[in-house]
Amino acid sequence: MTKKNKISGSQILLETLIAEGVDTLFGYPGGQIMPVYDKMYEYGDKLRHVLVRHEQGAIHAAQGYARAKGFPGTVIVTSGPGATNVITGVADAMVDSTPVVVIAGQVNTSLLGTDAFQETDLMGLTNPITKWSYQIRRPEDIVWAVSRAYYIASTGRPGPVVLDLTKDAQVGLAEFQYEKCEFIRSYQPKFNADEAKLRQAAKMIDQSKRPFVLCGQGVILSGAEKELAAFLEKGCIPVGSTLLGLSAVASDNPHYKGMLGMHGNIAANIMSQEADVILAVGMRFDDRVTGNLSNYCRDARIIHVDIDPSELGKNVPIDLGVHGDAKQVLARLTELISRQDRTEWLQRDVRFNQVEQEKVIIPETCPNCGKINPGEVVAMVAEVSGNDAIILTDVGQNQMIGARYSRFKNSRSFISSGGLGTMGFGIPATIGAKIGAPERKVCLFVGDGGFQMTLQELGTIMQEQVGVKIVLLNNNWLGNVRQWQELFFGERYSQTRMINPDFEKIAEAYGIEHVLVEEREQLRPAVEKMLADDKPFILDVHINEENMVFPMVPPGKSVSEIMLNNEEWFE
């Protein structure tokens, strides 16, 4: 083995990142990470660095990148406030199973524990919200730790990893020899599902008259979209999707019944309640999906498939837990189940889809419905884009409307903050998604509240010229909180009314094209203009201020107890 000259830890870090396949870094420089940034000066042709305007922007951009590309996003920041500013995104990535690696600078080893300038106990802060956190104190340990970080972040149930890199490790010298991590004795991400349990599951499905599949993001993360489609076709089985599972099944697939949960589609919710067997794949039975647990799927036997054994039976009692990868499990189940004709059950949703509230209000059906309904906007973007854009949302009414009325042809086409519900996620995540999938149209639906939480990242868009499309659903309210205040808090609108700035002037200041839409006839031309090229664009749509997202399953209710509007319930 040829002995190599010693190089700095900073250079070892960058060489290891390149060897791991990293092509983009989202970051912000500072004192304790400066040696790495200094060495980065020599790597401009090998590593793209995206200079965000706030470290929260870096972590959310890395999340968007990872979700769109299917490869871990990478964040690089300094110590202290630089590191703590990414923690919200780390927690978000953990609950949404998003692979990201955060590399944070840290004070010299000799200063650890002394409350040195910008020292923070990053390990103590992040251990509960990461798959792995590790402090690197020697340059000799960088290759080992970084390779291990990407292996852990991207395998099994994906998630965030944090590396705390002391300054002396950055400037110290060591020999560089890359060795890829492919095995950790205490960590077993690959698991072959038990054959006996697979056969038991297949038997339960074959004996079922009304099986229903709950599709979660695990289907996307495992690349099991084709296997799921083949399973549904052979068994003649309907499927509903969680929020983060959207786009795993094409919207026009006849087996697809819509989104599950609080603001889900009527068919998906009711059919899950009427099923006699539930096959839940790569989802965690979140409370927004199940509603009141005491009335959830009481007549169904539940089969739960997940790569993470801790999820099996955690929230909902199950009849059979299958620990395994969705791709492998679905492929084997498709082999084991018999081909059946369940056409009558498959078409059970026809009457649900005839409920008027399931449709987007459009001029043809509601010529005098006043101000623009946000569902119109989302549906228009879907139509003009040919259902082929990557759709991102922020959090709130824009999120539910974006999820309900977008249409998808391809997988990895819906990105949102699901489990943590992080307002401000949208703009930076959209930047990362576009960088991760530059060949695709990338469109964000965001409310005026979430927009203003991270609008400083318009500076990143300006500097990087990232061709993102931002649809601002502008109603001068924190809309989702306002909806709950109207429905459940006696119309006491406490601190939800917003006085907004002139967004056109803000867009102009950042050199981003802006179009204001206030009338319905302006909408289609504006959307067509927005999607006509690959330049940054803000479409500012003034929507009905009193809009509510319906149907809705109120908190504490069963998912079959569905409000159609303020007064009517689905029967």
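Remember, it's a predicted structure, so these values are computed and weren't measured experimentally.

Rules of the game
- Residues numbered from 1 in each chain as written.
- Predicted model: local features only at pLDDT ≥ 70, side-chain atom pairs only at ≥ 80, totals over all residues.
- Heavy atoms only, no water.
- Helix = DSSP H or I, 4+ residues; strand = E, 2+ residues; numbered from the N terminus.
- Rg over C-alpha atoms; globule rule 2.2 N^0.38 Å.
- Buried < 20%, exposed > 50% of the residue type's maximum accessible area, 1.4 Å probe, protein only.
- Contact = heavy atoms within 4.5 Å.
- Areas by Shrake-Rupley, 256 points an atom, 1.4 Å probe, with all protein chains shown as cover.
- Salt bridge = Lys/Arg side-chain N within 4 Å of Asp/Glu carboxyl O.
- Core = buried A, V, L, I, M, F, W, Y, C linked by side-chain atoms within 4.5 Å.
- Pairing = 2+ DSSP bridges.
- Axes fitted to C-alpha atoms, helices over the stretch in contact; angles between N-to-C directions.
- 1 Å grid on protein atoms, 1.4 Å probe; cavity = no way out; pocket = protein on both sides within 12 Å on 5 of 7 lines; lining within 4 Å.
- Points joined across faces, edges and corners; volume = space filled by probe spheres on them.
- Nonpolar A, V, L, I, M, F, W, Y, C, P; charged D, E, K, R; others polar.

Novice: Now, about the overall build of the protein chain: what can you tell me, with residues and values included?
Specialist: The helix and strand inventory of the protein chain stands at 24 helices and 20 strands. Its C-alpha radius of gyration of 24 Å places the protein chain within 12% of the 25 Å reference for a compact globule of 571 residues. Projected onto the principal axes, the alpha-carbon positions of the protein chain cover approximately 70 × 65 × 40 Å. Burial status across the protein chain gives 59% buried among its 571 residues. A separation threshold of at least 6 residues defines the contact pool for the protein chain, and within that pool the share at least 24 residues apart is 76%. With an accessible surface of roughly 23,100 Å², the protein chain has 48% of that area assigned to carbon and sulfur atoms.

Novice: Run through the pattern of salt bridges, naming residues and quoting values.
Specialist: Applying the stated criterion to the full structure yields 23 salt bridges. Two residues, Arg348 and Glu274, come together in a salt bridge whose shortest N-O distance is 2.7 Å. Residue Arg348 is located in the loop between helix 15 (343-346) and helix 16 (350-353), and its partner Glu274 is located in helix 12 (residues 266-274); the two are separated by 74 residues in the primary sequence. A relative accessible area of 26% places Arg348 in the partly exposed class. For Asp533, the salt bridge identified is with Lys469, shortest N-O distance 3.2 Å. Of this pair, Asp533 sits in the loop between helix 24 (523-530) and strand 20 (537-542) while Lys469 sits in strand 18 (residues 469-474), placing them 64 residues apart in sequence. Look at the salt bridges and you will find they share partners, linking Arg157, Asp308, Glu311 and Lys314 into a network.

Novice: If you had to explain the nonpolar core to someone new, which residues and values would you point to?
Specialist: Core analysis: the biggest nonpolar cluster contains 64 residues, and Val213, Phe231, Leu279, Ile303, Phe445, Val471 and Leu539 have the highest contact counts within it. Once you skip the residues sitting within four places of it in the chain, Leu539 turns out to touch Ile470, Val471, Leu472, Val515, Val517, Ala526, Val527 and Met530. Listed in part, the 50 residues of the second largest apolar core include Ala61, Ile87, Leu122 and Ile435.

Novice: Provide a residue-level description of the sheet that holds strand 12 (residues 277-281), including the pertinent values.
Specialist: Strand order across the open sheet formed by 6 strands is 11-10-9-12-13-14, with parallel pairing between neighbours. Of all strands in the sheet, those bounded by a partner on one side alone are strand 11 (256-259) and strand 14 (320-323). Each strand axis lies, on average, 20° off the axis of its neighbour in the sheet, ignoring direction. Of the pairings in the sheet, the one linking strand 9 (residues 211-215) to strand 12 comprises 5 bridges and is parallel in character. The partner of Phe212 across the bridge, within strand 12, is Ile278. Sitting on the sheet, helix 9 (residues 195-206) is in contact with strand 12, strand 13 (301-306) and strand 14, with an inclination near 135° to strand 14.

Novice: I'd like a description of the side chain of Ser247, backed by residues and values.
Specialist: Counting through the fold element by element, Ser247 comes out in the loop between strand 10 (239-241) and strand 11. Ignoring any residue separated from it by four or fewer positions in sequence, one finds Ser247 in contact with Ile220, Phe408, Asn410, Ser411, Arg412, Ser413 and Phe414.

Novice: Talk me through empty space enclosed by the protein; I want residue IDs and the actual numbers.
Specialist: Taken as a whole, this structure holds 1 cavity of 30 Å³ or more when the rule is applied. Estimates place the volume of the largest cavity at around 60 Å³. For the largest cavity, the full set of lining residues is Arg67, Gln217, Ile220, Leu221, Leu244, Arg412, Phe414 and Ile415. For the lining of the largest cavity, the elements supplying multiple residues, two or more each, are helix 10 (217-221) and strand 16 (414-415). Tallying contributions element by element places helix 10 first for the lining of the largest cavity, with 3 residues. Residue composition of the lining of the largest cavity, by class: 5 nonpolar, 1 polar and 2 charged.

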